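Listed here are the chains, written in short residue letters.
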Amino acid sequence: MANGVSNRQYRQARKRRVSPLRWFVALSLLLHAALLWHWQRTPIVAAAPATAGMAVQLLERPQAAPAAKLPPAPLSAAAPPPPVQRASGPQAPASSESEKRPPAAATEPGQRPATPPAGLAAAGSGAAAADAIDEAALESRLRVTLQQSLARHFSYPLLARRRGWQGEVVLAFRLQSDGRIIDAHVARSSGYGVLDRAALDALGKVGRISQGAEYGLAMQLPVIYRLEG
Amino acid sequence: MAAIMAGAATTLHAAENAAPIIVTATRTAQTADETLASVTVIEREAIAQSQANSVVELIQSRSVGVELTRNGGLGTNTSLLLRGSNANHVLVLIDGVRVNSAIDGTFKWANLPLGQIERIEIVRGPRSTLYGSDAIGGVVQIFTRKESGLYASLGGGSYDTWRTELGGGGAIGAGRFHLNAGYLDSGGFSAARPGTFGFEPDDDGYTNANLGAGISYPLGGSANLALNLLHSDGEVESDAGSSTQRNDSGNLALDWAAGARWQQTLNLGHAADHFETRDGYRVHSLRDTIGWQHDLQPGDSDLLTLGADYAAENGESEGSYDENSYTGALFAQYQWSGERLDLLLGARGDDHSGFGRHDTGSITLGGKLGGGRLYASYGTAFKAPTFLQRYYPGYGDPALQPEESVTAELGYRLGGLQASLFDTRVDNLIEFTFPAGYSNVSRARIRGAELEYGHEVGNWRLNGGLTLQKAEDEQSGDPLLRRAEKKLFFTANGPLTERSELGIEVNYTGPRSDRSTTELNAFTLLNLTGEYRLAREWALRGRIENLLDEEYELAGGYNTPGASAYLTLSYQR
């Protein structure tokens, strides 16, 4: 370069105006050392496999009054926790709220809870304990069947994904004794017609589940659409 | 694709309430679905961590396929070249509004304040079938910042630089509002190097004041009305004197559900680009647009988009020309996103008052492969001739035809890893020759490979990318100027202690040629960033730029910052 010398002189003159380089180098070394030290101390955790596309999950309803709003669901979709297998024995209630309800029973799809939860009598409010246990167990099974039958029909609408729409739709329907789902409608909108319609259509596709309720059971089903990543 | 997971069942305490079903999906970029295109997304969190002084530096430090050129320090003429294409081959949208100047087709990157940005989506590859002209190299879509609460920051550092931001947002009735203001003043350094034509040894500074505001209001019946405005006013010095660059953009969007599976959007947009030098050279670009888009969702896994666009553009160079052009367009896009297969089809017809009708189309096929997704795409794009090329006295030609491109691409995405191979041919490139002026004479071919990954190790977020490309003039075989064949970047961000965070940015750009046989040397930039939380709402942030004090050029004959440091005190509630 023809003007290399003047360039260098000029460059040096310019450099003098900023803080001395050696400070940066010293700071850099310090930060690097700190980082290396930190990295060695931090256990390296294998990254969770990222979900490609979509996943439908079932979540047990957290301890909340029927009408209460859902708390933010505690699930991470990138690495959904495995189905919880809890001991069916009594558990120490954590709060007055959980005291009111029976502890969770270990359940696989289509499998009966091994032992009726001990604290169940409290839920039967006045009914005979044994009846309550039977009913509760039945309902528990019904609930699992219902969830298993429903979940695979739900998918995230492409338009909602593109627009970043999320929300909760509450569907209401009646479960008949032969397992048919009737009178399905949106009880509470997500605020997005596309999500409401997708949820309702998915429920429509279910049509009938393998287990019915002895009496026509009116049910509400919250469907939460959530985007991640 | 739908993995089902059963939680432990509890007894049906309240018979009428079933456990919720949670349907999750990966968020997709609004511009294009990542499973079918090469996309990089930069969120506000990364913007705040990086503390970069300019948008292009931030993009270059975090995206493959990007080249940055700049004639000096902050505020000086800056270009972003996407996938080796020209500076006016990247379409820039701010909140959906096209903001490229109608005069020369470029966007004034130097005048876009980072403090106004919430999210940047960089979509590589042709997108003319959706957006029309300019989207040959790709699209960069900017979403402005819409915070809840209050934030403020004050910072300064090398080259007598001071920067402050103040803003916030919240609820207003049933709706929301946001307001962001920013000011930057930098003493700078001489833009030109000694020996460059017109060199003056004094510092060339930059001052910018910017304001962003908006409201979003639900009208009931799932309709929503949103207004977004952005104003940026810059005063930049160069060796030739000082000039003013002013950019304004805004849009009014009405969004409503016309049916359970039918969404409509009516979008009015306005963009102005005003440039003037102190000695009286003034050019203005104005564009008003109206767009009407329909998104129809036949099923959950497909999406049909139909739309109509109309744009009226005015370009004026005071005392020289004052012209208008009008473009009407119709477009359609269909996406099928199945468990095993993806399909994307697009077609668009543009009718321009100058050159007439121009059609573009694209097809993308994708599918599941080895845990990831593979796609292959083929698409055409174009760039309408600019006002400068059509009306520059003595040299312009109103009969110029659009520049056209064809791109084939193969891509694969597996978790945080994405790889793509592309081959683009641009034909009818408009070139200036003396004394003939502007004419559609050149052809170029750009081939490249891009590899980008992002993952987390503990609490550390790591990102890296490799770009290999060959951009050449098809007639002479010479490489296109200022495009490096090799580029590499790496970033790491994570906690150092409970209260502090550290970030590292490394950027390597290989050698490339520039005008008049100059070769620009390869360079490596190392930047360090740090954050220390003083209290819940207060943080001290620092950035050391070009720690190795690398001497490099982004444009032949022009200076770049040496080792420099910046410190910012920020508040967020």
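## Some thoughts on the overall build of chain B
Helix and strand counts for chain B come out as four helices and 33 strands. Radius of gyration (C-alpha) of chain B: 24 Å, near the 25 Å computed for a compact globule of 573 residues. Reported as C-alpha extents along the three principal axes, the dimensions of chain B are approximately 85 × 60 × 50 Å. Of all intrachain contacts in chain B linking residues separated by at least 6 positions in sequence, the fraction that spans at least 24 positions is 59%.

## Looking at the nonpolar core
Counting 66 residues, the largest nonpolar core has Ile59, Leu80, Val92 and Leu93 of chain B as its most contacted members. The element best represented in this core is strand S6 (residues 90-94) of chain B, accounting for five residues. Excluding anything up to four places from it in sequence, Ile59 of chain B contacts Ile42, Val66, Leu80, Ile120 and Ile122 of chain B. Within the second largest apolar cluster, 33 residues are counted, among which are Ala160 of chain A together with Ala18, Ala25 and Leu303 of chain B.

## Some details on unusual backbone geometry
With omega at 5 degrees, the peptide bond leading from Phe434 of chain B into Pro435 of chain B counts as cis. Along the chain, Pro435 of chain B falls in the loop between strand S24 (417-433) and strand S25 (437-457).

## Examining the environment of Gly241 of chain B
Residue and element names in this part refer to chain B. Along the polypeptide, Gly241 turns up in strand S15 (residues 241-259). Since 13 C-beta atoms lie within 10 Å of it, Gly241 is described here as partly exposed. In sequence terms Gly241 and Gly510 are 269 residues apart; their C-alpha atoms lie 32 Å from each other.

## Some words on the environment of Arg425 of chain B
Residues and elements named next belong to chain B. Assignment of secondary structure puts Arg425 in strand S24. By the C-beta count within 10 Å, which is 15 here, Arg425 ends up partly exposed. Measuring from C-alpha to C-alpha, the distance between Arg425 and Ala135 comes to 14 Å, with 290 residues separating the pair along the chain. Sequence-distant contacts of Arg425, that is, excluding residues within four places in its chain, are made with Ser405, Val406 and Arg445.

## A closer look at the sheet that holds strand S7 (residues 97-98) of chain B
Residue and element names in this part refer to chain B. Pairing within the open sheet is mixed, and its five strands lie in the order S3-S8-S9-S6-S7. Taken across any chain shown, the strands that pair with only one partner, and hence form the sheet edges, are strand S3 (38-43) and S7. Where S6 meets S7, two bridges bridge the pair, whose relative direction is antiparallel. Counterpart to Leu93 in the pairing with S7 is Arg98.

## Comments concerning the environment of Phe355 of chain B
All names here are of chain B. Mapping Phe355 onto the fold places it in the loop between strand S20 (341-352) and strand S21 (356-369). Put simply, Phe355 and Ala399 are 44 residues apart on the chain and 6.5 Å apart in space, counted from C-alpha to C-alpha. Once residues within four sequence positions are removed from consideration, Phe355 is found in contact with Pro385, Leu400, Gln401 and Pro402.

## Regarding the pairing of strand S32 (residues 538-545) of chain B
Residue and element names in this part refer to chain B. Note: strand S31 (residues 523-533) against S32, six bridges, orientation antiparallel. Across the sheet, residue Leu528 finds its bridge partner in S32, namely Ile544. Turn length for the S31-S32 hairpin, with the two strands adjacent in sequence and antiparallel, is four residues. With eight bridges joining them, S32 and strand S33 (residues 564-572) adopt antiparallel strand pairing. Residue Arg541 lies in a different strand from S33, and its bridge partner there is Thr568.

Criteria and thresholds
- Residues numbered from 1 in each chain as written.
- Chains lettered and ligands numbered in written order.
- Predicted model: local features only at pLDDT ≥ 70, side-chain atom pairs only at ≥ 80, totals over all residues.
- Helix = DSSP H or I, 4+ residues; strand = E, 2+ residues; numbered from the N terminus.
- Rg over C-alpha atoms; globule rule 2.2 N^0.38 Å.
- Contact = placed C-beta atoms within 7 Å.
- Core = buried A, V, L, I, M, F, W, Y, C linked by C-beta atoms within 7 Å.
- Buried ≥ 20, exposed ≤ 12 C-beta atoms within 10 Å, placed from the backbone.
- Pairing = 2+ DSSP bridges.

These figures come from the coordinates and say nothing about function on their own.
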